Amino acid sequence: MLNIVIFGPPGAGKGTQSEKILRHYNLAHISTGDLLRAERAAGSELGKAAEAYINQGQLVPDEVVIGMVHNFIAHNQGKAGFIFDGFPRTVKQAESLDEMLLGFQTTIQVVLGLEVEEDELVKRLLLRGKTSGRVDDQDESTIRNRFREYQAKTMPLSDFYKAQGKYRDIMGIGEVEDIFSALCTEIDQVKVAGV
Ligand code: ADP
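The structure presented is a predicted model; accordingly, all values stated were derived computationally and were not measured.

(A) Up close: the overall build of the protein. In terms of regular secondary structure, the protein is built from nine helices and five strands. Scanning the protein from its N terminus toward the C terminus, one meets helices and strands in the order β-α-β-α-α-α-β-α-β-α-α-α-β-α. Taking 16 Å as the expected radius of gyration for a compact globule of 195 residues, we find that the protein reaches 16 Å, a close match to that expectation. Along the longest, intermediate and shortest principal axes, the C-alpha atoms of the protein span 45 × 40 × 30 Å.

(B) Here's a closer look at the sheet that holds strand S3 (residues 81-85). Strand order in this open sheet of five strands is S2-S3-S1-S4-S5, and the pairing throughout is parallel. Pairing within the sheet leaves two strands with one partner each, and these edge strands are strand S2 (28-31) and strand S5 (167-171). When the angles between neighbouring strand axes are averaged without regard to direction, this sheet yields 20°. In terms of strand pairing, strand S4 (residues 110-115) meets S5 through five bridges, oriented parallel. For Glu115, the partnering residue across the bridge sits in S5 and is Met171.

(C) Spotlight on the environment of Phe147. With respect to the element layout, Phe147 can be found in helix H7 (residues 140-154). Residues Phe147 and Gly57 lie 90 residues apart in sequence; the distance between their C-alpha atoms is 8.6 Å. When near neighbours in sequence (up to four residues on either side) are disregarded, Phe147 contacts Pro9, Pro10, Glu118, Leu121, Val122 and Leu125.

(D) Quick peek at the pattern of salt bridges. Applying the stated criterion across every chain yields a total of 13 salt bridges. In this structure, Arg37 engages Asp34 in a salt bridge whose closest nitrogen and oxygen atoms are separated by 2.9 Å. One end of the pair, Arg37, and the other, Asp34, are both in helix H2 (residues 32-42), three residues apart, so they sit about a helical turn from each other. On the accessibility criterion, Arg37 (21% relative accessible area) is partly exposed. Exposure remark for Asp34: the relative accessible area of 39% places this residue in the partly exposed category.

(E) Spatial organisation of the packing of aromatic side chains. Applying the stated rule across the entire model yields four aromatic pairs. Relative to Phe84, the ring of Phe82 lies with its centre 6.0 Å away and its plane at 40°, an arrangement referred to as tilted. A single burial state applies to Phe82 and to Phe84, both of which are buried. An aromatic cluster is defined as three or more aromatic residues linked by ring pairs; in this entry it consists of Phe7, Tyr150 and Tyr167. Over the ring of Phe180 we find Lys20; its NZ or CZ atom is 5.1 Å from the centre of that ring.

(F) Summary view of the site of the ligand. Among the 20 residues in the neighbourhood of the ligand, the closest are listed as Thr32, Arg37, Gln58, Gly86 and Arg128. One of the backbone nitrogen or oxygen atoms of Gln58 is found 2.6 Å away from an oxygen atom of the ligand. In the complex, the protein chains occlude 97% of the 550 Å² of accessible area that the ligand would expose alone. Tallying contributions element by element places H2 first for the shell around the ligand, with four residues. Each residue belonging to the shell around the ligand can be placed in one class, and the counts come to seven nonpolar, six polar and seven charged.

(G) Representation of unusual backbone geometry in the model. Omega for the peptide link from Phe87 to Pro88 comes to -5°, which places this bond in the cis form. Locating Pro88 in the fold gives a position in the loop between S3 and helix H5 (91-103). Positioned with a positive phi, Asn26 is a non-glycine residue whose angle comes to about 55°. Topologically, Asn26 is positioned in the loop between helix H1 (14-25) and S2. At Gln105, a position not held by glycine, the phi torsion is positive, near 55°. Given the relative accessible area of 74%, Gln105 is considered exposed.

The rules behind the values
- Residues numbered from 1 in each chain as written.
- Predicted model: local features only at pLDDT ≥ 70, side-chain atom pairs only at ≥ 80, totals over all residues.
- Heavy atoms only, no water.
- Helix = DSSP H or I, 4+ residues; strand = E, 2+ residues; numbered from the N terminus.
- Rg over C-alpha atoms; globule rule 2.2 N^0.38 Å.
- Pairing = 2+ DSSP bridges.
- Axes fitted to C-alpha atoms, helices over the stretch in contact; angles between N-to-C directions.
- Contact = heavy atoms within 4.5 Å.
- Salt bridge = Lys/Arg side-chain N within 4 Å of Asp/Glu carboxyl O.
- Buried < 20%, exposed > 50% of the residue type's maximum accessible area, 1.4 Å probe, protein only.
- Phe/Tyr/Trp six-rings, centres within 6.5 Å; stacked < 30°, edge-to-face > 60°.
- Lys NZ or Arg CZ within 6 Å of the ring centre and 35° of its normal.
- Near = heavy atom within 4 Å.
- Polar contact = N/O pair within 3.5 Å; in protein donor to acceptor, adjacent residues only side chain to side chain.
- Areas by Shrake-Rupley, 256 points an atom, 1.4 Å probe, with all protein chains shown as cover.
- Nonpolar A, V, L, I, M, F, W, Y, C, P; charged D, E, K, R; others polar.

Dropping the structure here:
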């Protein structure tokens, strides 16, 4: 199997690149943001509980997202692998993911970190907020909150994956197609190495 984590701050292009990667490599897409928004749209208890966190730009509690991801993996066996987008976002989530994948006799092969500076990210998110309908993209203070959460809780994950020798940095500014081909180069290297 080919399991990839796409990593980076809000607005870095994880969703856009994930869509291209999953088509190219026939992977199942796990976006915890999308799954949480779907729960909210369905009016489930989980969705209602998550809404306040999301709208304030805070992370949803680990147990909630970990359970959701476990279900998704269990119900999507038979694909060539998974692309994890917006998950893991904490060290606890990353440790749980390692355990979960071990239970399915597989592992993460590569973590692709998209690098974009903060001012560019704020611009992109505010622009997206005009059409996405996402409350958390419409207000600059919520966006700044998401960056603070990212820096405090998610950034340390790059060290977690560097220690495993799986982390690769990719410049997330430029043409979508150029960034995609830089990502494919990294993915193809791990495929050839057969790790
Ligand atoms: P972005 O990457 O632009 O912030 P996402 O759609 O990935 O957008 O996430 C939107 C919100 O959903 C986050 O700000 C957070 O509140 C919640 N969320 C998504 N994934 C996770 C996760 N793995 N752990 C905790 N909260 C999450």
